[in-house]
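Residues per chain, in single letters:
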Amino acid sequence: AQKVTQAQTEISVVEKEDVTLDCVYETRDTTYYLFWYKQPPSGELVFLIRRNSFDEQNEISGRYSWNFQKSTSSFNFTITASQVVDSAVYFCALSEAGNFGNEKLTFGTGTRLTIIP
Amino acid sequence: EAGVAQSPRYKIIEKRQSVAFWCNPISGHATLYWYQQILGQGPKLLIQFQNNGVVDDSQLPKDRFSAERLKGVDSTLKIQPAKLEDSAVYLCASSAGTSGDLRDEQYFGPGTRLTVT
């Protein structure tokens, strides 16, 4: 079973539309963190947000907002009034304790977002 | 602050040849990671270092892959001999925290795109 599922492989929306990227995770741990990263065409992953398992407050940062719901094991990401610069691949990731005393970051398969001008 | 540097950016080799990738993390970052990202998938951890010691190499194919981080700064990842299925982007990341910190944000380099023919 996938630990992090991003069911939407590709999404295309017209500029200025709102778009939501879905993320569902699976873990038995009570303490964990969830992340969203953006991968533009240049290749490097860029950190967007982190959320810990005890904080279900939604967060808004400019045009970006995140909805964390433990009851459904989801951590969805919404872009409001999308712009062409938002075009990228977006990854959801789960950080939990690894087998070697380390943190283990597991990524989903990503959602490719294309904003059409 | 300079980001994570990687070289080369692109490499094309024939199967059974060897190849090496280099990574220079952000100054002062103790933890260094190598990830393999196959086209259409999320990054998968190959190996994690804390300073110059290996923390987790459980997913590193040790019959052909090796990595080292001498002096706890730069790191090299080597593949010998390469197989067709090794075609992927190899990402290096670093973080300021120590291993086991679930909240630690990782900073990624631009990656090396390897094509094995």
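Our subject in this report is the structure included herewith. (Residues numbered from 1 in each chain as written. Chains lettered and ligands numbered in written order. Predicted model: local features only at pLDDT ≥ 70, side-chain atom pairs only at ≥ 80, totals over all residues. Heavy atoms only, no water.)

**Regarding the pairing of strand β11 (residues 103-107) of chain A**
Residues and elements named next belong to chain A. Burial of β11 is one-sided: the residues E103, L105 and F107 facing one way are buried, the residues K104 and T106 facing the other way are not. Note that strand β10 (residues 88-97) and β11 share five bridges and pair antiparallel. By the bridge assignment, E96 is partnered in β11 with K104. Remark: five residues form the turn of the hairpin made by β10 and β11, two consecutive strands paired antiparallel; G101 in that turn has positive phi of roughly 75°. (Buried < 20%, exposed > 50% of the residue type's maximum accessible area, 1.4 Å probe, protein only. Helix = DSSP H or I, 4+ residues; strand = E, 2+ residues; numbered from the N terminus. Pairing = 2+ DSSP bridges.)

**Considerations on the environment of B:T31**
Residue and element names in this part refer to chain B. With respect to the helices, strands and loops of the structure, T31 is situated in strand β4 (residues 31-37). Those residues within four positions of T31 in sequence are excluded, and the remaining contacts are Q48, F49, Q50, R69, A93, S94, S95, G97, T98 and S99. Here Q50 takes part through its side chain, which lies 3.3 Å from a polar atom of the side chain of T31. (Contact = heavy atoms within 4.5 Å. Polar contact = N/O pair within 3.5 Å; in protein donor to acceptor, adjacent residues only side chain to side chain.)

**Considerations on the sheet that holds strand β8 (residues 75-79) of chain B**
All names here are of chain B. Strand order in the open sheet made by the four strands is β1-β3-β8-β7, with antiparallel pairing throughout. Edge positions in the sheet fall to β1 (5-7) and β7 (65-68), since each of these pairs with one other strand and no more. The sheet shows a mean angle of 15° between the axes of neighbouring strands, taken without regard to direction. Pairing of strand β3 (residues 19-24) with β8 involves five bridges; the strand directions are antiparallel. Bridge assignment links V19 to a residue of β8, and that residue is I79. (Axes fitted to C-alpha atoms, helices over the stretch in contact; angles between N-to-C directions.)

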